[in-house]
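What follows is the residue order along each chain.
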Amino acid sequence: MKGSAGERALQQKYGTQRRAESFYDNQMIDYLNPEMKQFISEQELVFISTADRQGNCDTSIRTGNPGFVRVIDERTLIYPEFRGNGVMASLGNITENPHIGLLFVDFVKYGIGLHVNGGAAVIENDQLQQTLSLPDELMESIQRDESRFVERWVTIRVDEAYIHCSKHLPLMKKLDKEIHWGTDDETLKGGDFFKVKANRREDKLK
């Protein structure tokens, strides 16, 4: 049965069962169809949601060149983990709780989104081909395009995929920006934009 027990209970409470059933029947599938695969291959960012074993949630973003989230087949995705701040909140959650939610949103061309939910696992670079039996052509592409920057990979088993409607999504204009992959330069990373470091320094002086 599609939908969680909580969804079903609220649908009954608020009288939305018919709308929900129509959505489940017409828009939700448990694999990636050709249109979804094509959409993912064009995207440069994805929002990811994970939670630890207690259910404490974390939302993050992953970015890369178009198609950096690679479709292996209709039920398998992989995305690269680049050098970050070393906290590894998302990866840590995945090791405790494999459930993951991905939201691809195209703000530039289509003004529409795609949800992909499933199970995730962390794979080291040297285990990628052996674990997933990737074709040589795909491995050559990965090594050519991303091997210099990728520290490890996340693989996702697709459990459900469905549209995020466009009616409230803004269309935006893409501007050129030089990307410094893997940099530790604090200025390029945003510095202390939200003044947390400065505030903590002030608190210690009080």
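As the structure is a prediction and not an experimental result, all values here were calculated from the model.

Conventions used here
Residues numbered from 1 in each chain as written. Predicted model: local features only at pLDDT ≥ 70, side-chain atom pairs only at ≥ 80, totals over all residues. Heavy atoms only, no water. Core = buried A, V, L, I, M, F, W, Y, C linked by side-chain atoms within 4.5 Å. Buried < 20%, exposed > 50% of the residue type's maximum accessible area, 1.4 Å probe, protein only. Helix = DSSP H or I, 4+ residues; strand = E, 2+ residues; numbered from the N terminus. Salt bridge = Lys/Arg side-chain N within 4 Å of Asp/Glu carboxyl O. Pairing = 2+ DSSP bridges. Polar contact = N/O pair within 3.5 Å; in protein donor to acceptor, adjacent residues only side chain to side chain. Contact = heavy atoms within 4.5 Å. Arc of directions from axis to C-beta. Axes fitted to C-alpha atoms, helices over the stretch in contact; angles between N-to-C directions.

Colleague: Outline the nonpolar core, listing residues and values.
Modeller: In globular proteins that are soluble, nonpolar side chains generally tend to be buried together. Grouped together as the largest cluster of nonpolar side chains are 22 residues, with contacts concentrated most on Tyr-79, Leu-102, Phe-104 and Val-116. Of all the secondary-structure elements, those providing two or more residues to this core are helix H3 (34-41), strand S1 (45-51), strand S4 (76-82), helix H4 (89-96), strand S5 (99-106), strand S6 (112-124) and strand S7 (150-164). Counting ten residues, the second largest nonpolar core, distinct from the first, contains Leu-128, Leu-138, Ile-142 and Trp-153.

Colleague: Any details on the pattern of salt bridges? Residues and values, ideally.
Modeller: A complete count under the given rule lists eleven salt bridges for this structure. Between Glu-21 and Arg-8 there is a salt bridge; the shortest N-O distance is 2.2 Å. Of the two residues, Glu-21 is situated in helix H2 (residues 17-27) and Arg-8 in helix H1 (residues 5-14); the sequence distance between them amounts to 13 residues. You can call Glu-21 partly exposed: its relative accessible area is 31%. Here Lys-174 and Glu-44 are joined by a salt bridge, their closest N and O atoms 2.5 Å apart. One end of the pair, Lys-174, is in the loop between S7 and helix H7 (196-205); the other, Glu-44, is in the loop between H3 and S1, and 130 residues separate them in sequence. Taking the relative accessible area as the measure of exposure, Lys-174 reaches 52% and is therefore exposed. Note on Glu-44: relative accessible area 31%, which makes it partly exposed.

Colleague: Residues and numbers for the pairing of strand S2 (residues 57-63), please.
Modeller: As judged from the seven bridges shared by S1 and S2, these two strands associate in the antiparallel manner. Its bridge partner lying in S2, Val-46 is registered against Arg-62. Between S1 and S2, which follow one another and run antiparallel, lie five residues, and Gly-55 among them has a positive phi close to 90 degrees.

Colleague: A description of the side chain of Thr-50 should follow, citing residues and the corresponding values.
Modeller: Inspection of the secondary structure puts Thr-50 in strand S1. Here Asn-93 takes part through its side chain, which lies 2.9 Å from a polar atom of the side chain of Thr-50. Among all residues touching Thr-50, those that are not within four sequence positions of it are Asn-56, Cys-57, Asp-58, Ser-90, Asn-93, Ile-94, His-99 and Ile-100.

Colleague: Explain helix H6 (residues 136-145) residue by residue, including any values.
Modeller: Within the sequence span of H6, burial applies to Leu-138, Met-139, Ser-141 and Ile-142. Each buried residue of H6 sits inside an arc of 160 degrees when the element is viewed along its axis, so together they form one side. Opposite the buried face of H6, by more than 90 degrees, sit the exposed residues Asp-136, Glu-137 and Arg-144. Buried-residue contacts for H6 involve strand S3 (70-73), S4, helix H5 (128-132) and S7.

Colleague: Before we move on, can you summarise the sheet that holds S6 with the specific residues and values?
Modeller: Remark on secondary structure: sheet strands pair via backbone hydrogen bonds, oriented parallel or antiparallel. Spatial strand order, S2-S1-S5-S6-S7-S4-S3: seven strands in an open sheet with antiparallel pairing. Bordering the open sheet on either side are S2 and S3, each of which pairs with just one other strand. Recorded for the sheet is a direction-independent mean angle of 35 degrees between the axes of neighbouring strands. Sheet topology note: the S1/S5 ladder contains three bridges and is antiparallel. Bridge pairing in S5 links Ile-48 to Leu-102. Contacting S3, S4 and S7, H6 runs over the sheet at an angle of about 165 degrees to S3.

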